[in-house]
Amino acid sequence: SVDAAARAAREIIMGLERFNRDVKSIRREFSVRCGVNSGFVYYDGSLPLEEISDRVIDIAGHMQKQAKPNSVCVAKPAIEPLHDRIGFEPSGRVVDGYEVYEWVQGIKS
């Protein structure tokens, strides 16, 4: 569900500080950009997952590419039914014709 996807994305980002401090073994800190969209994806079950292409998936990927580091971007039609929209604010950006709502750690979360 969109609720589960948005919650998972926020939890990953909220866990990055501890991960970067206590777990990672490289010098550079990790950051994450998340994109969420929803819709039906019609696919041929015989295709490998990496070969599946659909506009719903593409929009989620474009949301991710437009996200700031350590933020979650969601297309407006996908966020409207969310039960927990706390911290998601209009970003002023449009991706693939959809207004983008964005959650950034530490801002109204």
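One can find the structure itself at the top, above this paragraph.
Residues numbered from 1 in each chain as written. Predicted model: local features only at pLDDT ≥ 70, side-chain atom pairs only at ≥ 80, totals over all residues. Heavy atoms only, no water.

Visitor: So what exactly am I meant to see when it comes to the overall build of the chain here?
Guide: Of the regular secondary structure elements, the chain holds four helices and four strands. In the chain, the succession of helices and strands from N to C terminus is α-α-β-α-β-α-β-β. Once the C-alpha set of the chain is aligned to its principal axes, its extents read approximately 40 × 35 × 25 Å. Burial status across the chain gives 31% buried among its 109 residues. Of the contacts made within the chain by residues no fewer than 6 positions apart, 59% connect residues no fewer than 24 positions apart. Counting every atom, the chain has about 7,300 Å² of accessible surface; 51% of that belongs to carbon and sulfur. The averaged location of the 16 negative side-chain charges in the chain is 8 Å from the averaged location of its 15 positive side-chain charges. (Helix = DSSP H or I, 4+ residues; strand = E, 2+ residues; numbered from the N terminus. Buried < 20%, exposed > 50% of the residue type's maximum accessible area, 1.4 Å probe, protein only. Contact = heavy atoms within 4.5 Å. Areas by Shrake-Rupley, 256 points an atom, 1.4 Å probe, with all protein chains shown as cover. Lys, Arg positive; Asp, Glu negative; His and termini not counted. Charge placed at Lys NZ, Arg CZ, Asp CG, Glu CD.)

Visitor: Can you help me understand the pairing of strand 3 (residues 89-95) in this one?
Guide: Two faces belong to every sheet, and in a regular strand the side chains alternate between them. Pairing between strand 3 and strand 4 (residues 98-104): four bridges, direction antiparallel. If you follow Val 94 over to strand 4, its bridge partner there is Glu 99. Taken together, strand 3 and the strand that follows it, strand 4, pair antiparallel across an intervening segment of two residues, in which Asp 96 is found at a positive phi of about 50 degrees. (Pairing = 2+ DSSP bridges.)

Visitor: Is there a simple way to explain the sheet that holds strand 1 (residues 33-36) in this structure?
Guide: The strands making up a sheet are joined through hydrogen bonds of the backbone, oriented either antiparallel or parallel. Read across the sheet, four strands follow the order 1-2-4-3 without closing on themselves; strand pairing throughout is mixed. Strands at the two margins of the open sheet, each flanked by one partner only, are strand 1 and strand 3. Looking at each pair of strands side by side, their axes are set apart by 30 degrees on average, direction ignored. Alignment of strand 1 against strand 2 (residues 71-75), held across four bridges, turns out to be parallel. Considered in strand 2, the bridge of Arg 33 is made with Ser 71. (Axes fitted to C-alpha atoms, helices over the stretch in contact; angles between N-to-C directions.)

Visitor: Where do I start with helix 3 (residues 55-66) in this structure?
Guide: Here helix 3 contains 12 residues, and its C-alpha end-to-end distance of 16 Å stays within 8% of the 16 Å for a straight helix at 1.5 Å per residue. Burial in helix 3 covers these residues: Val 56, Ile 59, Ala 60 and Met 63. Taken end-on, helix 3 shows its buried residues confined to a sector of 100 degrees, consistent with a single buried face. Looking at the buried positions of helix 3, the neighbouring elements they touch are strand 1, strand 2, strand 3 and strand 4. For helix 3, the side-chain oxygen to backbone nitrogen distance between the N-cap and Val 56 is 2.9 Å, and the N-cap itself is Asp 54. (Expected span 1.5 Å × (residues − 1). Arc of directions from axis to C-beta. Polar contact = N/O pair within 3.5 Å; in protein donor to acceptor, adjacent residues only side chain to side chain.)

Visitor: How do you make sense of the packing of aromatic side chains when you look at a structure like this?
Guide: Centre distance and the angle of the planes are the two values used to describe a pair of aromatic rings. The full count for this structure, using the stated rule, is one aromatic pair. With a centroid separation of 5.4 Å and 75 degrees between ring planes, the pair formed by Phe 19 and Phe 30 is classed as edge-to-face. Here the residue Phe 19 occupies a position in helix 2 (residues 16-22), and Phe 30 occupies one in the loop between helix 2 and strand 1, the gap between them amounting to 11 residues. (Phe/Tyr/Trp six-rings, centres within 6.5 Å; stacked < 30°, edge-to-face > 60°.)

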